[in-house]
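Read off the chains here:
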Amino acid sequence: MTDDDFAREQLATYHRDPGMVLQMLRNIQLEKNHIPEPDILILAEGLNLPRTKVQALIDFYSFLHNEPRGLYDIYFSDSITDHMLGSRVQAESLCNKLGVELGVPRDDGVVTVSLTSCTGLCERGPGILVNGLAIDRMDDSRVEEMAELIEANVPLEEWPLEWFMINDALHKKGPLLNNTFTPGAAIERAILGGGDSVIDELEQSGLRGCGGAGFPTHRKWEFCRSAGDEQRYVICNADEGEPGTFKDRALLNAYTDAMIEGMTVCGIAIGSSKGYIYLRHEYEFLRERVNRRLERRRTTNLLGRNILGHHGVNFDIEICMGAGSYVCGEESALIESLEGKRGIPRIRPPFPVTHGYKGRPTVVNNVETFCYAAGIVEHGAEFYAAAPGEPGWKILSISGDCSRPGIYEIPLGTAIADVLKMCGAPKNVRSIQVGGPGGILIVPDEFGRQISFDDLNTAGSFMIFDDSRNMVDVAVNFTHFFAHESCGFCTPCRVGTKLMVQMVDKIEAGHGARLDIEQMERVHKLMTQASHCGLGQRAAVPILTNYEKCPEHFLERMEDVEYKPAFDVEAAIERSRQIVAEEGRPR
Ligand SMILES: Cc1cc2nc3c(=O)[nH]c(=O)nc-3n(C[C@H](O)[C@H](O)[C@H](O)COP(=O)(O)O)c2cc1C
Ligand code: SF4
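Numbering of residues begins from 1 in every chain and follows the order in which that chain's sequence is written. Note on labels: chains are lettered from A, ligands numbered from 1, in written order. The predicted origin of the model limits local features to residues at a pLDDT of at least 70 and limits the giving and counting of side-chain atom pairs to 80 or more, whereas totals for whole chains, interfaces and linings rest on all residues. To get the side-chain values, all heavy atoms of the structure are used, and hydrogens and water are removed first.

Some points on the packing of aromatic side chains
Between 30 and 60 degrees the pair is tilted, below 30 it is stacked and above 60 it is edge-to-face, where a pair is any two Phe, Tyr or Trp rings, Trp via its six-membered ring, whose centres lie within 6.5 Å. For the coordinates displayed, the defined rule picks out 16 aromatic pairs. Between Tyr233 and Tyr276 the ring centres are 6.3 Å apart and the planes differ by 40 degrees, which places this aromatic pair in the tilted class. Taken together, the residues span a long stretch of sequence, with Tyr233 in strand β6 (residues 233-238) and Tyr276 in strand β7 (residues 274-279) at a distance of 43 residues. Grouped by ring-pair contacts, the aromatic residues Phe181, Tyr372, Phe383 and Tyr384 constitute a single cluster. Working rule: Lys NZ or Arg CZ, within 6 Å of ring centre, within 35 degrees of ring normal, means a charge sits over the ring. Over the face of the ring belonging to Phe453 we find Arg208, whose NZ or CZ atom lies 4.1 Å from the ring centre. Its end group placed over the ring of Tyr283, Arg280 keeps NZ or CZ at 5.2 Å from the ring centre. In this text, helices come from DSSP runs of H or I with a minimum length of four residues, and strands from runs of E with a minimum of two, each type numbered from the N-terminal end.

Describing the layout of surface pockets
A volume near 730 Å³ is recorded for the second largest pocket. Contributions of two or more residues to the lining of the second largest pocket are made by α4 (51-60), α5 (80-84), β2 (111-116) and α17 (471-485). Looking at the lining of the second largest pocket element by element, the count peaks at eight residues for α17. Of the residues assigned to the lining of the second largest pocket, the class counts are twelve nonpolar, twelve polar and eight charged. A pocket here means an open set of points on a 1 Å grid, computed over the protein atoms alone, that has protein on both sides within 12 Å along at least five of seven lines. A cavity is instead a set of points where a 1.4 Å probe fits but cannot get out; residues with an atom within 4 Å of a point line either one. Grid points are joined across faces, edges and corners, and a volume is the space filled by probe spheres set on the points. For this classification, Asp, Glu, Lys and Arg are treated as charged, while Ala, Val, Leu, Ile, Met, Phe, Trp, Tyr, Cys and Pro are nonpolar and the rest, including Gly, are polar.

So, empty space enclosed by the protein
Per the stated rule, a full pass over the model turns up four cavities of 30 Å³ or more. Taken as a whole, the largest cavity encloses approximately 150 Å³ of empty space. Every residue lining the largest cavity is counted, 20 residues in all, and those nearest its centre are Arg280, Glu282, Gly324, Ser325 and Tyr326. For the lining of the largest cavity, the element with the most residues is α17, which contributes three residues. Along the lines of polarity and charge, the residues of the lining of the largest cavity split into seven nonpolar, nine polar and four charged. Put simply, the second largest cavity is a space of about 80 Å³. Elements represented by at least two residues in the lining of the second largest cavity include exactly α18 (491-508) and α20 (534-538).

Here we look at the pattern of salt bridges
Any carboxyl oxygen of Asp or Glu within 4 Å of a side-chain nitrogen of Lys or Arg constitutes a salt bridge here. Summed over the entire model, instances satisfying the criterion amount to 44 salt bridges. Among the salt bridges present, the one from Lys341 reaches Glu336, with a minimum N-O distance of 3.6 Å. The partly exposed category is assigned to Lys341, whose relative accessible area is 35%. In this structure, Lys341 engages Glu339 in a salt bridge whose closest nitrogen and oxygen atoms are separated by 2.7 Å. In this structure, a network of salt bridges that share partners links the residues Glu123, Arg124, Asp136, Arg142, Asp168 and Arg249. Here's how the labels work: a residue is buried when its accessible area is under 20% of the maximum for its type, exposed when over 50%, partly exposed in between, all with a 1.4 Å probe on protein chains only.

Examining the site of ligand 2
Only a single heavy atom is needed: when it lies within 4 Å of a molecule or strand, its residue is near that molecule or strand. Surveying the vicinity of ligand 2 reveals 13 residues, the closest of which are Cys487, Phe489, Cys490, Cys493 and Cys533. Residue classes in the shell around ligand 2 are distributed as eight nonpolar, five polar and no charged.

Some remarks on the packing of helix α11 (residues 247-254) against helix α15 (residues 367-379)
The geometry of α11 relative to α15 is characterised by a closest axis approach of 9 Å and an angle of 50 degrees between their N-to-C directions. Comparing the axis directions of α11 and α15 gives the class oblique. Facing α11, whose interface residues are Lys247, Asp248, Leu251 and Leu252, α15 presents Val367, Glu368 and Cys371. Within the contact of α11 with α15, the residues separate by chemical class into four nonpolar, no polar and three charged. As a rule, the C-alpha atoms of each element are fitted with a line to give its axis, helices using only the stretch in contact, and angles between N-to-C directions run from 0 to 180 degrees. Reported orientations rely on four angle classes, namely roughly parallel under 35 degrees, roughly antiparallel over 145, roughly perpendicular from 65 to 115, and oblique for the rest. Pairs of residues are marked as contacts when any of their non-hydrogen atoms sit within 4.5 Å.

Quick look at the site of ligand 1
Taken together, 16 residues lie near ligand 1, and Gly211, Glu331, Asn365, Asn366 and Thr369 sit nearest. For the shell around ligand 1, a count of residues per class yields three nonpolar, eight polar and five charged.

With respect to the sheet that holds strand β9 (residues 362-366)
Read from one edge of the open sheet, four strands run β8-β7-β6-β9, paired in parallel fashion. Looking at which strands have only one partner, the edges of the open sheet turn out to be β8 (316-321) and β9. Pairs of neighbouring strands in the sheet enclose a mean axial angle of 20 degrees, with direction left out of account. For two strands to pair, DSSP has to find at least two bridges joining them. Bridging between β7 and β8 involves six bridges; their strand directions are parallel. Directly across from Tyr278, in β8, lies its bridge partner Cys320. Strand contacts of helix α13 (residues 284-299): β7 and β8, with the helix running at about 170 degrees to β8, the strand carrying the most contacts.

Okay, here's the thing in structure tokens:
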């Protein structure tokens, strides 16, 4: 096999489909530790794409690289709860033992140690990725042993097997986590009852999207079904990039059949024959498992042509992998990524239900939403809501300062104080971040508030901080996360997130003054009004909310500091306004 053969093989495997270029690049990256120039040219020529388009993908996705990474390519999770468990210290310690600088491949090309936004192992952190595979519960002894294995050039297959066993801590089970699904039961009901009955059942149940926005699921499916097009698509959003969220990981692992069943039922209800699972790069370890389930369902006639012997009922599912981008969880960015492009959110409307994947009507739902949909169609609306109008359920991913971090399926309407009891949170909880970095910070006098669509809405992230934690550190972590993950499409977010980093770093270093907070509020206002997607609109929230709710942490670093601007705030805001005005829309 010559050096070029692998790239040519990719072209053949994906039938020279330009939409699959991201999958090909990712495979090359995993095979060769980088994407060599000749491979870029082979893909560009074979797919009839300009070289610059292929390069733009490498620039956009965090796990694609032009320059060789180490043969052992290690990423430590930089999520705040991993920090709290010592990830930074461990990354530094591993770097020291291996004589390597963070983020820079060692001269002999053997190893690279870097940071990444979040590996989705928050309840069992610190989590790392080694050549794309996840390892949880890093500690000093694992760091020590890992350094020895690397120096001795031991192949990954011979590393301790238990390091790669990712278990799920399912602490509280409700209807979904307790349910034993009968594969094919919901599909049979959907086929016999037809699309109307499926959508009616979903409406009765009150199921709303579990990915964060809470859009009623029956309406999404109905809109898509009524869009006048022959070809429709079903997409399962398994990108789960929000720091502190890992419940989809557990569902993909232990409730794979329910998710696939939900997608198939959706396909039957809306008249689609093709589905995709967009699986985040960090969940490579789950890919084989999901693939095996898909294969088994094909052999048992639950997927493919003439499902369960019903002539003309055809539906199949393919897995596509992400390559490192949080914003690709936003549904229109996800669709762009699935089409082999950079994950830049689309201007909406039109929405995916009418103009989605390849411009066709598309349902995008979260993993959890599909699982509940399968249960509702199999068992009836009461599976989710015991009576019409009842609020239903939510699966939380709980991490941070508590004795039982993990997965909890709770009735919507549960008070924060009760959630804290369930997970063994200490008495000295200072605050909770509900809904990830872009969510909301809750302090003790708000612990009576409830997890619900009307009060504290969350895709599932629930991070607990006791009073030993400093909220400036948390704000710094979240602000850097947003700046790193901004896709750069629109100026208010691209520039605004960088300005926020400068200001929060200044405060962290003890050089900030109260006037900095005022300047941040001004930048935040502009970002909220003019950013194109939820990332830019929420990116400044953590600093300002943390300041509002835990001011003492900020003020102690601001005492007697004379205001010196981190940059020319007026000029930056004015320039952003001009660009937005000139272009007539966010850019
Ligand atoms: C920046 C950003 C990131 C997102 N990430 C995810 C994600 O990882 N998983 C997800 O299901 N939804 C995510 N969403 C929400 C999706 O855009 C979309 O609303 C969701 O997939 C719809 O599914 P649902 O109706 O089942 O909730 C994200 C939204 C934004 C703005
Ligand atoms: S708000 Fe940020 S992440 Fe969203 S499109 Fe604009 S630049 Fe990209």
